[in-house]
Amino acid sequence: MSQARLAEAAEVSIQHISNIENAKTKVSLEKLVDIANVLDCSMDELICDSLVKAKVIYINEARGIYDKLSDAQIRAIPELLRGCTYFCKLMEQEKQRNDIQSRF
């Protein structure tokens with residue numbers, strides 16, 4: 001959905017939607033509920049990336065995905081997660097090396 005359509009449906013300006021997305025303004029709980037309703041999502045889904053302790057939200061989302069998978073698909077998930085974890089560690093190590101090199 002475009003910012004313009006969201007702004008119109010939530011009865012705010014396009015600039016206000018942009019400012020909310022970029023954390024440049026405060027927004028009332030009432031307006032957040034309006035936005036969540038327009039987007040047909042829960043408040044958890046709307047603000048999840050901003051929460052410090054969002055793990056339970058992601059676990060619940062994953063549980064919903066698991067419920068739709070076959071046994072064979074579920075068996076493949078641990079290996080996939082190990083690969084993702086390894087890749088993330090490599091990326092973090094590379095970032096740390098680049099940070100150290102940029103200091104010199």
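Nothing here was measured: the structure is a model prediction, and the numbers come from that model.

Quick look at the nonpolar core now. Note that soluble globular proteins tend to have their nonpolar side chains buried in a common cluster. By size, the foremost hydrophobic cluster in this structure holds 6 residues: Leu6, Ala7, Ala10, Val12, Ile17 and Ile35. If one sorts the elements of this core by residue count, helix α1 (residues 3-10) sits on top with 3 residues. Setting aside residues no more than four positions away along its own chain, valine 12 makes contact with Ala7, Ile17 and Lys31.

Turning next to α1. Restricting attention to buried positions, one finds in α1 the residues Leu6, Ala7 and Ala10. Looking down the long axis of α1, one finds its buried residues gathered within 100° of arc, a one-sided arrangement. Turned more than 90 degrees away from the buried face of α1, the exposed residues are Arg5 and Glu8. Among the structural elements, α2 (14-21) and α3 (29-39) are those in contact with the buried residues of α1.

It is worth spelling out the layout of surface pockets at this point. The computed volume of the largest pocket comes to approximately 350 Å³. Considering the residues around the largest pocket, the lining is formed by 13 residues, among which Ile20, Glu21, Leu32, Leu46 and Ile47 are closest to the centre. Only α2, α3 and α4 (43-47) provide two or more residues apiece to the lining of the largest pocket.

Taken together, the side chains of Asp40, Asp44, Glu45 and Glu61 present a region of like negative charge at the surface. Locating glutamate 61 in the fold gives a position in helix α5 (residues 55-66).

On to the pattern of salt bridges, then. The final tally for this structure, using the stated rule, is 4 salt bridges. With its nearest N and O atoms 3.1 Å apart, the salt bridge here joins arginine 82 to glutamate 79. Taken together, the positions of arginine 82 and glutamate 79, both in helix α6 (residues 71-102) and 3 residues apart, correspond to about one turn of that helix. Each member of the pair, arginine 82 together with glutamate 79, is exposed. Where lysine 95 meets aspartate 99, a salt bridge forms, and the shortest distance between an N and an O atom there is 3.2 Å. Here lysine 95 and its partner aspartate 99 are both found in helix α6, 4 residues apart, which amounts to about one turn of the helix. By relative accessible area, which is 46% here, lysine 95 ends up partly exposed. Look at aspartate 99 and you get partly exposed, because its relative accessible area is 33%.

Cut-offs used in this document
Residues numbered from 1 in each chain as written. Predicted model: local features only at pLDDT ≥ 70, side-chain atom pairs only at ≥ 80, totals over all residues. Heavy atoms only, no water. Core = buried A, V, L, I, M, F, W, Y, C linked by side-chain atoms within 4.5 Å. Buried < 20%, exposed > 50% of the residue type's maximum accessible area, 1.4 Å probe, protein only. Helix = DSSP H or I, 4+ residues; strand = E, 2+ residues; numbered from the N terminus. Contact = heavy atoms within 4.5 Å. Arc of directions from axis to C-beta. 1 Å grid on protein atoms, 1.4 Å probe; cavity = no way out; pocket = protein on both sides within 12 Å on 5 of 7 lines; lining within 4 Å. Points joined across faces, edges and corners; volume = space filled by probe spheres on them. Patch = residues over 30% accessible without salt bridge, like charges linked within 9 Å, V, L, I, M, F, W, Y side chains within 5 Å. Areas by Shrake-Rupley, 256 points an atom, 1.4 Å probe, with all protein chains shown as cover. Salt bridge = Lys/Arg side-chain N within 4 Å of Asp/Glu carboxyl O. Lys, Arg positive; Asp, Glu negative; His and termini not counted. Charge placed at Lys NZ, Arg CZ, Asp CG, Glu CD.

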